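# Structural features, examined
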Amino acid sequence: MSWDIVLFNSKQKIELVTELDENQLEPSDFSGVLEKSFDQLKKDGNHREIIGTNFTIEFFADDEQSSNFMLSLFGENGLYELIELAKKHNWQIYDAGIEEMIDLENPEKNGFVNHKDYIQYIVNRK
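Let us look at the structure shown here.

### With respect to unusual backbone geometry
Backbone geometry places Asn54, a non-glycine residue, at a positive phi of 60°. A positive phi angle, near 60°, is found at Asn90, a position not held by glycine. By the secondary structure assignment, Asn90 is in the loop between α2 (76–89) and β6 (92–95).

Take a look at the structure:
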């Protein structure tokens with residue numbers, strides 16, 4: 001399964017993208033954080049592909065900071081990894097497939113029922 005995901009860095013909790021207050025957005029180094037957060041990374045020009053356990057994340061690296069960042073995600077496990085990164089960096093996640101913001105504390109509300117099992121897997125592998 002694949003998703004188009006948009007990461008946001010905002011001072012406000014975004015409920016609906018249509019009601020986003022652009023004055024609340026803050027620049028972030030999404031590319032840099034993503035590249036440093038995963039072990040397996042393929043680079044081809046500015047295209048990046050993160051390869052994880054049963055997932056890949058593709059994006060185009062940007063040297064400039066931005067308040068939002070689009071990427072493509074393949075495999076539900078990658079979403080769980082992004083949720084944990086978002087919590088750590090105070091990002092918010094918009095899932096273009098369901099056209100909703102992901103509830104980072106309760107992603108099962110968005111249909112991602114395996115989240116708790118995957119988090120336990122991450123904790124156990126460390």
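### With respect to the packing of aromatic side chains
Using the criterion set out here, one finds 4 aromatic pairs in the structure. Ring centres of Phe30 and Phe69 lie 5.7 Å apart, and the angle between their planes is 15°; on these two criteria the pair is classed as stacked. Taken together, the positions of Phe30 in helix α1 (residues 30–37) and Phe69 in strand β5 (residues 68–74) put the pair 39 residues apart, joining distant regions of the chain. In this structure Phe30 comes out as buried when scored by relative accessible area, which is 1%. Judged by relative accessible area, Phe69 falls into the buried class, the value being 7%. For the pair Phe38 and Phe55, a centre-to-centre distance of 6.1 Å together with 70° between the ring planes defines the contact as edge-to-face. Taken together, the positions of Phe38 in the loop between α1 and β2 (41–44) and Phe55 in strand β4 (residues 55–60) put the pair 17 residues apart, joining distant regions of the chain. Exposure class is identical for Phe38 and Phe55. Each is buried. Three or more aromatic residues link up through ring pairs in this structure, and these residues are Phe30, Phe59, Phe69 and Trp91.

### Observations concerning α2
Relative to the 20 Å expected for 14 residues at 1.5 Å per residue, α2 spans 20 Å between its end C-alpha atoms, a close match to the ideal helical length. Looking only at α2, the buried set comprises Asn77, Gly78, Leu79, Tyr80, Glu81, Leu82, Ile83, Leu85 and Ala86. Looking at the residues trailing α2, positive phi occurs at Asn90, about 60°.

### Observations regarding the nonpolar core
By size, the foremost hydrophobic cluster in this structure holds 24 residues, and its most contacted members are Ile5, Leu34, Ile57, Leu71 and Ile93. Those elements that place two or more of their residues in this core are β1 (2–8), α1, β4, β5 and α2. Take this core: its biggest share by element is 6 residues, from α2. Dropping the residues within four chain positions of it, Ile93 is found in contact with Ile5, Val6, Leu7, Leu82, Ile83, Ala86, Glu100, Met101, Ile102 and Leu104. Membership of the second largest hydrophobic core comes to 6 residues, among which are Val6, Ile14, Tyr94 and Met101.

### What about the sheet that holds β5?
Spatially, the 7 strands line up as an open sheet ordered β2-β3-β4-β5-β1-β6-β7, and their pairing is antiparallel. Of all the strands in the sheet, the pair left with one neighbour each is β2 and β7 (100–101). Note: β1 against β5, 7 bridges, orientation antiparallel. Among the inter-strand pairings, Phe8 is bridged to a residue of β5, identified as Asn68. Its contacts with the sheet put α1 on β1, β2, β3 (47–52), β4 and β5, and the angle it makes with β5 is roughly 35°.

Rules used throughout
Residues numbered from 1 in each chain as written. Predicted model: local features only at pLDDT ≥ 70, side-chain atom pairs only at ≥ 80, totals over all residues. Heavy atoms only, no water. Helix = DSSP H or I, 4+ residues; strand = E, 2+ residues; numbered from the N terminus. Phe/Tyr/Trp six-rings, centres within 6.5 Å; stacked < 30°, edge-to-face > 60°. Buried < 20%, exposed > 50% of the residue type's maximum accessible area, 1.4 Å probe, protein only. Expected span 1.5 Å × (residues − 1). Core = buried A, V, L, I, M, F, W, Y, C linked by side-chain atoms within 4.5 Å. Contact = heavy atoms within 4.5 Å. Pairing = 2+ DSSP bridges. Axes fitted to C-alpha atoms, helices over the stretch in contact; angles between N-to-C directions.

Everything listed here is a matter of coordinates, which is why it stays silent on function.
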